[in-house]
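# Architecture at a glance
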Amino acid sequence: MFLLQVRIGVDLLLGYLILVMDTLAFWLPLFLLFLSALVGALIKRRSCDHCLKRFSGNKVLLPIGTKDWICGKLEVFAQGLEIISPEKNQIPCGFVNSRIIPSKEVSEISLLIRQAPEPDTRAGVEWRKEREMLLNPTLRIRLKRFTLNSYNMLRDSFGQALKTIIGTVSKETRLGKAKGADGRFHEMQSNLTGMVPNAWEPILEKYRGKLVAIERMSESEEIYESGILDDYSDKYLLLRDVNLIDPAIKNALGILGGSTDLCYDVLYSRTQTLLRYSVKSQSMQD
């Protein structure tokens, strides 16, 4: 009698385990697909260019078209920019509070200019500290940069390893049988490897914190402007203390306000700008 009861108990336990496994085999792939889509959406929402994010929250000046300029507080989003302007510009349907620039138009912007804060303000003190750390980086900053560059050198290897892990997980959970699973996990892999900035270029890394000169085309001639190379990405070059010599830009700087003797940081689009020279010293021009 006792053995019969044990046998019945074992059969019930096995039946329960089979039911649980069948349930997991059905729901786990769906859960993983949902999780991969959620992770991808969250990453995309935060995947802004790291150089562009350095200007977020600051007052900037940028060209629109060939002759127009707009100025205002910059807000950076994954799929575009917003320029919040205190000026009450009017359009036929009302007064404008901000201008929204979609990603397609962002790629056409040649540069963004940020004026350094007044030196006797808290923002001015922070600005000087950032500049000093750029010129004389601490050991912690050097190690952080070295780690980032090491990751980017081995980026492809990390991507292949992650792809293998994801492929193994999908097979073990029978996820490969779910429709669209391969595409979802490939997208998640791309998003995960894309979280870290991937623009590592030895020659640009060499001249971070040093004087360089960029070359770009204005309406009628080549323009050369010098400054301290702060950072770079695959889309932008960020220079500090830029010697702006383009007459069109100098005429528009008054829109930013502030003292005329303040420095300017410039974010140059790499589609329209080349880092051409290393420079021994800046020659200021009026």
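Description of the structure in this document.

## Details of the overall build of the protein
- Across its full length, the protein carries 9 helices and 10 strands.
- A total of about 18600 Å² of accessible surface is found on the protein, and carbon and sulfur atoms cover 59% of it.

## Observations concerning the sheet that holds strand E2 (residues 68–77)
- Taken together, the 10 strands give an open sheet; going across it, the order is E4-E3-E2-E1-E5-E9-E8-E7-E6-E10, and neighbouring strands pair in antiparallel fashion. Edge positions in the open sheet fall to strand E4 (94–102) and strand E10 (273–278), since each of these has one partner strand only. Across this sheet, the average inter-strand angle for adjacent strands is 40 degrees, counted without regard to direction.
- By the bridge criterion, 2 bridges tie strand E1 (residues 59–64) to strand E5 (residues 111–115) in an arrangement that is antiparallel. Counted as the bridge partner of Leu 61 is Ile 113 from E5.

## Description of the packing of aromatic side chains
- Scanning the model with the defined rule gives 1 aromatic pair in all.
- Ring geometry for Tyr 224 against Tyr 277: centres 6.0 Å apart, planes inclined by 45 degrees, an arrangement best described as tilted. Here Tyr 224, found in strand E7 (residues 222–232), pairs with Tyr 277, found in strand E10; they are 53 residues apart in sequence, far enough to count as distant.

## Notes on the pattern of salt bridges
- One pass over the full model with this rule turns up 13 salt bridges.
- The residue Asp 246 makes a salt bridge to Arg 216 at a minimum N-O spacing of 3.2 Å. One end of the pair, Asp 246, is in the loop between strand E8 (236–243) and helix H9 (247–252); the other, Arg 216, is in strand E6 (residues 211–217), with 30 residues separating them in the sequence.
- Asp 265 serves as the salt-bridge partner of Arg 240, at 3.8 Å between the closest nitrogen and oxygen. Taken together, the residues span a long stretch of sequence, with Arg 240 in strand E8 and Asp 265 in strand E9 (residues 264–269) at a distance of 25 residues. We note that Arg 240, like Asp 265, is buried.
- In the salt-bridge network here, residues are joined through shared partners; they are Arg 54, Arg 114, Glu 130, Asp 230, Arg 240 and Asp 265.

## Looking at the environment of Leu 135
- In this structure, Leu 135 sits in helix H4 (residues 122–135).
- Filtering out sequence-adjacent residues up to four positions away, Leu 135 remains in contact with Gly 209 and Ile 228.

## Remarks on the nonpolar core
- Core analysis: the largest hydrophobic core is formed by 20 residues, its most contacted members being Ile 113, Leu 239, Leu 244, Leu 253 and Tyr 268.
- Within the residue set of this core, elements represented by two or more residues are E5, E6, E7, E8, H9 and E9.
- In this structure Leu 253 touches Leu 61, Ile 113, Leu 244 and Tyr 264, once residues within four positions along its chain are discounted.
- Residues Val 60, Ile 83, Tyr 236 and Leu 238 belong to the second largest nonpolar core, which totals 19 residues.

## Some points on H4
- With 14 residues, H4 ought to run about 20 Å at 1.5 Å a step, and its terminal C-alpha atoms sit 20 Å apart, in line with that.
- Turning to H4, its buried residues are Gly 124, Trp 127 and Leu 134. Looking straight down H4, one finds its buried side chains confined to an arc of 80 degrees; they lie on one side.
- Next to the buried residues of H4 lie E7, E8 and E9.

Thresholds, definitions, all that
Residues numbered from 1 in each chain as written. Predicted model: local features only at pLDDT ≥ 70, side-chain atom pairs only at ≥ 80, totals over all residues. Heavy atoms only, no water. Helix = DSSP H or I, 4+ residues; strand = E, 2+ residues; numbered from the N terminus. Areas by Shrake-Rupley, 256 points an atom, 1.4 Å probe, with all protein chains shown as cover. Pairing = 2+ DSSP bridges. Axes fitted to C-alpha atoms, helices over the stretch in contact; angles between N-to-C directions. Phe/Tyr/Trp six-rings, centres within 6.5 Å; stacked < 30°, edge-to-face > 60°. Salt bridge = Lys/Arg side-chain N within 4 Å of Asp/Glu carboxyl O. Buried < 20%, exposed > 50% of the residue type's maximum accessible area, 1.4 Å probe, protein only. Contact = heavy atoms within 4.5 Å. Core = buried A, V, L, I, M, F, W, Y, C linked by side-chain atoms within 4.5 Å. Expected span 1.5 Å × (residues − 1). Arc of directions from axis to C-beta.

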